[in-house]
Amino acid sequence: MYVSDILKFKGDKVLSLTADEPISAAIAMLTTNRIGAVLVVDAKGGIAGIVSERDLVRAMHKFGKDLFDRRVSDLMTTTVVTCSPKDPLAAIMGMMTSQRFRHVPVVDEGKLVGMISIGDVVKNRIEEAQFEVDALRRYIAL
Ligand code: AMP
């Protein structure tokens, strides 16, 4: 299974913000769309950063009640790791575990084509494992 298999079902929609937006805009986007991270893009649509729920918790600790005076640029991670639609899911799972993040934007020939989360990867791996179990059960029952 590959990243492209997830995108076939999930589609290529990527929710994004710009770095100069207030933190309240990031909170609203995460909450209303029930997602864990949002991409930050620059004026040309290029990747400028990523903001996840974890960044918001860190920012609450750092800025306290002044948090709402801050902008997305104050809490985003600017070195964003991306993947390709051709990457195997097992490799992405390993990368998410070793680098301790749960969201990866998907880039194909320089173009943003989707975003996958650890939830997407785990769901796909469970379905794959279940498929194998069912196939083995059918084989044994023959
Ligand atoms: P997450 O586990 O995705 O909530 O993110 C944990 C931390 O890693 C946060 O500081 C995020 O900004 C950061 N992060 C999330 N995804 C990525 C990514 N693809 N590349 C680099 N950093 C990321």
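Further up the page is the structure itself.
Please read these numbers as outputs of a predicted model, since none were measured by experiment.

Outline the pattern of salt bridges, listing residues and values.
For the structure shown, the criterion picks out 5 salt bridges. One salt bridge in this structure joins lysine 8 and aspartate 5, with 3.0 Å as the shortest N-O distance. Here lysine 8 and its partner aspartate 5 are both found in helix H1 (residues 3-10), 3 residues apart, which amounts to about one turn of the helix. Exposure remark for lysine 8: the relative accessible area of 63% places this residue in the exposed category. Under the relative-accessibility criterion, aspartate 5 is labelled buried at 16%.

I'd like a description of the nonpolar core, backed by residues and values.
Counting residues in hydrophobic clusters, the biggest one holds 16 residues, and the most contacted among them are Leu17, Val38, Val51, Val72 and Leu75. For this core, the secondary-structure elements that each account for two or more residues are helix H2 (23-33), strand E2 (37-41) and helix H3 (53-63). The greatest single-element share of this core, amounting to 5 residues, is contributed by H2. Leu7, Met95, Val106 and Val113 belong to the second-largest nonpolar core, a separate cluster that totals 13 residues.

Break down the sheet that holds strand E1 (residues 16-17) for me, with residues and values.
Across the sheet, which stays open at both edges, the 3 strands sit in the order E1-E2-E3 with mixed pairing between neighbours. Only two strands of the sheet have a single partner each, and these edge strands are E1 and strand E3 (47-52). Relative to E3, E2 runs antiparallel, the two being bridged by 5 bridges. Counted as the bridge partner of valine 40 is glycine 49 from E3.

Can you explain the side chain of aspartate 55? Please cite residues and give values.
Tracing the sequence through the fold places aspartate 55 in helix H3. If near-sequence neighbours (up to four positions away) are discounted, aspartate 55 is found in contact with Ile50, Leu75 and Thr77.

Analysis parameters
Residue numbers run consecutively from 1 along every chain, following the written order of its sequence. Side-chain atom pairs in this predicted model are given and counted only at pLDDT of 80 or more, local residue features only at pLDDT of at least 70, and totals for whole chains, interfaces and linings cover all residues. To obtain the side-chain values, all non-hydrogen atoms of the structure were used and water was disregarded. In what follows, salt bridge is the name for a side-chain nitrogen of Lys or Arg lying within 4 Å of a carboxyl oxygen of Asp or Glu. Only DSSP runs of H or I with at least four residues qualify as helices, and only runs of E with at least two residues qualify as strands; both kinds are numbered from the N terminus onward. Remark: exposure states derive from per-residue accessible area (1.4 Å probe, protein chains only) relative to the maximum for the residue type, with buried under 20%, exposed over 50%, and partly exposed in between. Buried Ala, Val, Leu, Ile, Met, Phe, Trp, Tyr and Cys residues form a nonpolar core when they are joined through side-chain atoms within 4.5 Å. Two strands pair under a simple rule: DSSP has to find at least two bridges between them. Any two residues whose heavy atoms approach within 4.5 Å at even a single point are treated as in contact.

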